[in-house]
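# Reading the structure
So the chains spell out like this:
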Amino acid sequence: QVHVVESGGGSVQAGGSLRLSCAASGSTFSINAMGWYRQAPGKQRELVAQITKYGSTDYADSAKGRFTISRDNAKNTVYLQMNSLKPEDTAVYYCGLDLEFRDRVRQNYWGQGTQVTVSS
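Before going into details, it helps to say that this report is about the structure given with it.

Conventions and cut-offs
Residues numbered from 1 in each chain as written. Predicted model: local features only at pLDDT ≥ 70, side-chain atom pairs only at ≥ 80, totals over all residues. Heavy atoms only, no water. Pairing = 2+ DSSP bridges. Helix = DSSP H or I, 4+ residues; strand = E, 2+ residues; numbered from the N terminus. Axes fitted to C-alpha atoms, helices over the stretch in contact; angles between N-to-C directions. Phe/Tyr/Trp six-rings, centres within 6.5 Å; stacked < 30°, edge-to-face > 60°. Salt bridge = Lys/Arg side-chain N within 4 Å of Asp/Glu carboxyl O. Disulfide = S-S within 2.5 Å. Buried < 20%, exposed > 50% of the residue type's maximum accessible area, 1.4 Å probe, protein only. Core = buried A, V, L, I, M, F, W, Y, C linked by side-chain atoms within 4.5 Å.

## Points about the sheet that holds strand β8 (residues 77–82)
- Taken together, the four strands give an open sheet; going across it, the order is β1-β3-β8-β7, and neighbouring strands pair in antiparallel fashion. The strands lining the two open edges of the sheet, one partner per strand, are β1 (3–7) and β7 (67–72). On average, adjacent strands in this sheet sit at an angle of 15° to one another, irrespective of strand direction.
- Pairing geometry for β1 and strand β3 (residues 18–25), over five bridges, is antiparallel. Directly across from H3, in β3, lies its bridge partner S25.

## Observations regarding the packing of aromatic side chains
- According to the stated counting rule, one finds three aromatic pairs in the structure shown.
- Taken together, a centroid distance of 4.9 Å and an interplanar angle of 65° make the contact between Y37 and W110 edge-to-face. Of this pair, Y37 sits in strand β4 (residues 30–39) while W110 sits in strand β10 (residues 106–110); the two residues are 73 residues apart in sequence, bridging distant segments of the chain.

## Re the pattern of salt bridges
- As enumerated under the stated definition, the model contains five salt bridges in all.
- Measuring nitrogen to oxygen at the nearest pair gives 2.3 Å for the salt bridge that ties R106 to D98.
- In the salt-bridge network here, residues are joined through shared partners; they are R38, E46, R66 and D89.

## Focus on the state of the cysteines
- In total, this model carries one disulfide according to the counting rule given.
- Here C22 is linked by a disulfide to C95, with a sulfur-sulfur distance of 2.1 Å. For the disulfide bridge between C22 and C95, the dihedral angle about the S-S bond is near -80°, and by the sign convention the bridge is left-handed. Of this pair, C22 sits in strand β3 while C95 sits in strand β9 (residues 91–100), placing them 73 residues apart in sequence.

## Remarks on unusual backbone geometry
- The phi dihedral of N76 is positive, around 50°, even though this residue is not glycine.
- You will see that R104, though not glycine, has its phi angle at about 60°, which is positive.
- Along the chain, the position of R104 falls in the loop between β9 and β10.
- Residue classification places R104 among the exposed residues on the basis of a relative accessible area of 72%.

## A closer look at the nonpolar core
- Core analysis: the biggest nonpolar cluster contains 30 residues, and W36, F67, V78, L80, M82 and Y93 have the highest contact counts within it.
- Elements with a minimum of two residues in this core: β3, β4, β5 (46–52), β7, β8, β9 and β11 (114–119).
- No other element matches β9, which puts five residues into this core.

The structure is reproduced here in structure tokens:
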């Protein structure tokens, strides 16, 4: 199976920054897209940012201008640089991967989640 490991979460004050990383390993695959999602208590999981294998990116309106998603294809790693953090950014952040295996089989994998807490 594919192993997905997240890191970089923590607690910061409003206006601070965090950099999340997510690395996939363990199997032979191609990455169609990598993204960051978050889920706050009592709310649905929502897309924060994603990047495709072609390099195109999409951001939630709440993240535009503050967050930047990037990738390192050689390391099968995706990053999320979060600046100017706000209390409403507090959530568990998940790395989501759209992977493709042989015979064009596609499967989504999730990281374990990392807590981001922003205090005012």
